[in-house]
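Structural features, examined
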Amino acid sequence: MPELTSIPRLLARNAEKFGARAAYREKEFGIWQSWTWAETADEIEALALGLLDIGLEEGEHIAIIGRNRPQFYWAMVAAQSVGAVPVPVYQDSVAEEIAYVLDHCGARMAIVEDQEQVDKIIEIKDRLPGLKDILYVDKRGMRKYDHSHMTPYSEVQDMGRAAKGRHEAELNRRRDAADYDDTCVMLYTSGTTGRPKGVVLSNRNIIETSKASAEFDKLTEAESILAYLPMAWVGDFIFSVGQAYWCGFCTNCPESTATMYENLHEIGPTYFFAPPRYFEERITILTIRMEDASAWKRGMYGYFMKHAAKVGPKILDGETVGFMDRVKHAVGNVLVLRPLRNRAGMSNVRVAYTAGEAIGPEIFEFWRSLGINLKQLYGQTEASVFITQQPDNEVRADTVGVPSPGVELKIAESGEVFYRSPGVFVEYYKNAESTADTKDAEGWVATGDAGFIEESSGHLRIIDRAKDVGKLASGALFAPKYVENKLKFFPNILEAVVHGADRDYCTAFINIDLTAVGNWAERNNIAYGSYQELAGHPEVLSTVQGHVEEVNRSLATDEMLSGCQIHRFLVLHKELDADDGELTRTRKVRRKIIGEKFHDLVTALYDGSDKVSTETEVTYEDGRKGSIKATLEIRDAKTAEVTAKTLEAAE
Amino acid sequence: MNAMAGNYTTADGRQIGGVMMEMKNITLKFGGVTAISDISFDVHEGEIRAIIGPNGAGKSSMLNVISGFYHPQEGEVWFRGSKRPAMKPYEVARQGVARTFQNIALFDGMSTLDNIMTGRLTHMKSPMWRQALWWGKAEAEEVANREQVEKIIDFLEIQHIRKTPVGRLPYGLKKRVELARALAAEPKLLLLDEPMAGMNVEEKEDMSRFILDVNDEFGTTICLIEHDMGVVMDLSDRVVVMDYGRKIGDGTPDEVRGNQDVIDAYLGVEH
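Residues numbered from 1 in each chain as written. Chains lettered and ligands numbered in written order. Predicted model: local features only at pLDDT ≥ 70, side-chain atom pairs only at ≥ 80, totals over all residues. Heavy atoms only, no water.

1. Some points on the packing of helix H3 (residues 70-81) of chain A against helix H9 (residues 234-247) of chain A
Relative orientation and spacing of two packed helices are given, respectively, by the angle between their axes and the distance between those axes. Residue and element names in this part refer to chain A. It is at 12 Å that the axes of H3 and H9 come closest, and there the two elements cross at 65°. Judged by the inter-axis angle, H3 sits roughly perpendicular to H9. Remark: the crossing between H3 and H9 carries right-handed chirality. Where H3 approaches H9, its residues Tyr73, Met76, Val77 and Gln80 are matched on the opposing element by Asp236, Phe237, Ser240, Val241 and Tyr245. (Axes fitted to C-alpha atoms, helices over the stretch in contact; angles between N-to-C directions. Helix = DSSP H or I, 4+ residues; strand = E, 2+ residues; numbered from the N terminus. Parallel < 35°, antiparallel > 145°, perpendicular 65-115°, else oblique. Left-handed = near helix turned anticlockwise from the far one by under 90°. Contact = heavy atoms within 4.5 Å.)

2. With respect to the sheet that holds strand S9 (residues 198-202) of chain A
Paired through backbone hydrogen bonds, the strands of a sheet run either parallel or antiparallel to each other. Residue and element names in this part refer to chain A. The sheet built from three strands is open, its strands ordered S8-S9-S19 with antiparallel pairing. A strand with exactly one partner marks an edge of an open sheet, and here the two such strands are strand S8 (183-188) and strand S19 (427-428). Across five bridges, the pairing between S8 and S9 is antiparallel. Residue pairing in the sheet places valine 185 in a bridge with leucine 201 of S9. (Pairing = 2+ DSSP bridges.)

3. Quick word on the domain arrangement of chain A
For chain A, the assigned domains are domain 1 (7-196), domain 2 (399-466) and domain 3 (470-636). Here the C-alpha centroids of domain 2 of chain A and domain 3 of chain A sit 30 Å apart. (Domains from an automatic or database assignment.)

4. Points about the packing of aromatic side chains
Residue and element names in this part refer to chain B. Enumeration according to the criterion identifies 25 aromatic pairs over all chains in this entry. When the centroid spacing of 5.1 Å and the interplanar angle of 75° are considered together, the rings of phenylalanine 30 and tyrosine 70 count as edge-to-face. With a gap of 40 residues between them, phenylalanine 30 in strand S3 (residues 19-30) and tyrosine 70 in the loop between helix H1 (59-66) and strand S6 (74-79) connect regions that are remote in the sequence. What makes tyrosine 70 partly exposed here is its relative accessible area of 25%. With a centroid separation of 4.8 Å and 40° between ring planes, the pair formed by phenylalanine 155 and phenylalanine 218 is classed as tilted. Residue phenylalanine 155 is found in helix H5 (residues 137-155), and its partner phenylalanine 218 is found in helix H7 (residues 201-218); the two are separated by 63 residues along the sequence. (Phe/Tyr/Trp six-rings, centres within 6.5 Å; stacked < 30°, edge-to-face > 60°. Buried < 20%, exposed > 50% of the residue type's maximum accessible area, 1.4 Å probe, protein only.)

5. Describing the pairing of strand S10 (residues 221-225) of chain B
Residues and elements named next belong to chain B. In terms of burial, S10 is a largely internal element, five of the five residues being buried. Neither face of S10 is left uncovered, since the one carrying Thr221, Cys223 and Ile225 and the one carrying Ile222 and Leu224 both have all their residues buried. With four bridges joining them, strand S5 (residues 48-52) and S10 adopt parallel strand pairing. When the bridges of S10 are listed, alanine 50 appears paired with leucine 224.

6. Here's the deal with the sheet that holds strand S12 (residues 271-273) of chain A
Residue and element names in this part refer to chain A. With mixed pairing, five strands are arranged side by side in an open sheet as S12-S13-S14-S15-S16. Among the strands making up the open sheet, the edge pair consists of S12 and strand S16 (402-403). As defined by bridge partners, strand S14 (residues 374-380) adjoins strand S15 (residues 385-389) across four bridges and the pair is classed as antiparallel. Residue pairing across strands places leucine 377 opposite glutamine 389, the latter belonging to S15.

7. Description of empty space enclosed by the protein
Residue and element names in this part refer to chain A. For the coordinates displayed, the defined rule picks out two cavities of 30 Å³ or more. Its volume calculated, the largest cavity comes out at about 100 Å³. Top contributing element to the lining of the largest cavity by residue count: H9, with four residues. Of the residues belonging to the lining of the largest cavity, the class tally is 10 nonpolar, two polar and one charged. (1 Å grid on protein atoms, 1.4 Å probe; cavity = no way out; pocket = protein on both sides within 12 Å on 5 of 7 lines; lining within 4 Å. Points joined across faces, edges and corners; volume = space filled by probe spheres on them. Nonpolar A, V, L, I, M, F, W, Y, C, P; charged D, E, K, R; others polar.)

Written as structure tokens, this is what we have:
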């Protein structure tokens, strides 16, 4: 067996070693269909031969646009097999965003899901002279299209099977030619600032990282995961391709985006990743459902959850717990915890991770007290995900863990976190300048995040984006994201944007959570016609004010950030949206764009007025534009007296 | 284009076959009220045919005549080359005509899946006792029927509500479930009574997409009634216009749009 230095080689090993084990499952027509590793190898080979038949050259780029489906994972490995570079693209991107990525990487071919994606490509095709072929998976509605440069995916596989004799030697040559330092995949960063950048990751990056992280959590071929996060995101590539091929475990694809919860419940994965938002959302749903349950069930839930919160995490970490407490916990486990885990599709979960944003301590503790080994990690596309992660039994809500195996960390004087690892990316595609800015000659990469290593535990703590950390006019430290996260821990608050750099005091924009607040409105017979109307309701404003004041009280006890208390706030009249460019596709706030777009509101927050009228342009899902007008009420929030001993800022 | 001459090709290049259904001089009266008076038109194999007209023009009555719910006092209904005798609605259904209703008529307490399964009723051959025991051929039959239903669920993208009781669904989705049930019968002719009534723009766009895809993918002939003129003009190959029970126009959307009688009926005219 050749050395395992590329994904196609791992595939060959898996087909031999785990031939009869399931590699992929997808629910279709109400039934879970599955493909073994041997069948997967056949499917991928057929497609790879088909790509050769079309005339794909080594080093060319293939854009892949669709939701998580086996066909797209196969397409990535087929591309690698013929020496091409797969470039997964966010499937909900608008045509303009896709045009940028395809143009930037000079994609030769696009493999897409359905008519919707084909339409987007056709719309921008004139600007993409390099794009020669489109392959699509779902044939529905495609009959009337001009098929001179368009082929159904399955037909390309048929072409490949038919042409096996002609192209097999070439396929073998290209597969064997793959070097450990050749490009494995190119992923575009979501672009919190400016245009997305193409991160080139080599086979070495992906395979070394997958190997180390699989060993860290003792992952085996027996794991099972649900692939539901965007394929263009590095995490999905590492979990569903890197680790899955390294360990040989099964990747399950949901029936549709809307059936994810149900499919999760059916599959019961053993290894699970979700952003904090997901864990929050599920608690919101659970809480709403419990409020509708019978008094008996509510009582049981309240009683045993309280006990689980006390002893659950300790039992999970193997600490000593009194005998009676254990008995009570065991009863609660049977009556409440186990059914809850089952409903959440978490019955079999051995390792669960969350990352990407800070997670609320209550949310984190809730899942751990249910008996789920939820941990945090800190990562980046540029690091092939893993920078730090929490080992079992050293899990806390406010840290992101110790350096992952093979990763070195250092904190610069400015507070910015730097790392160096085998997973460090090769370069930003066609952007030597940015590469040099991010990665120095010794291989140290700037994360752009400010943080510090906690002396007592050796764990890393992240405060904020380094460039967002600033100072108030008084010189006190200003860390907007830290405050925003505290606000977002309230279920009623979906999103928050805090202003204050070089100002006298901090202010905030708030987005309410329509699920949570809408449910509250329904219970209290408050009628509302739209998000805007609910957001402007005086009682909603008072509730939000209560939350803001609570955050202020908690900030007052923080020695570094007591200056960040929020003096004034308003509830925005629209939800911040990636389609309007206010959030990235991974839902991170684009601070600068929001500041410019709503500059009239920011002005009003600082000039003392108690009302402001505004008009905002919005983009609908189909790309059309409209505008909404609103008059927003600005409220003053009480600030708390600083109780902590204030450190001199910047000392 | 002479639409009456049998086979023709549409503007978007679809081949339309010969006459599938022909209504000849239909007159329908309720006591002294004449709902439809002396109307003739035909529906070709594979086309999307719309019936439009102001409120009370007799559109739904016409659809009820086609589906066998009303029996006209005068006139003949020809279906696939032979004259249709007075039939019960279920007999018409067995001939391959399925419909949806203006006011949704689903079983609220049953799941989406079960509702759509009822559409397969005309394809069930086993006797009831065998079905109740789920034994022998009945089992194989149900599996085959379920497979067909799953294809439709996939087609209309309603996997996520497969097990949800229909009564809990929002309006737009109920409409889609109703369409699914009609499709489950694998109809030759699909009758849609105001498929977009009460929908918002996005739901209308989705529904239009589904109607076009059904026609394209399954080759189903569709006859629909609709109020929204924009939708009708975009969707249909030919349009019949009714007013006060009479036919005042018949032709392609462009022809109908230019017809003075139609303009008068919609915009009103001084008498």
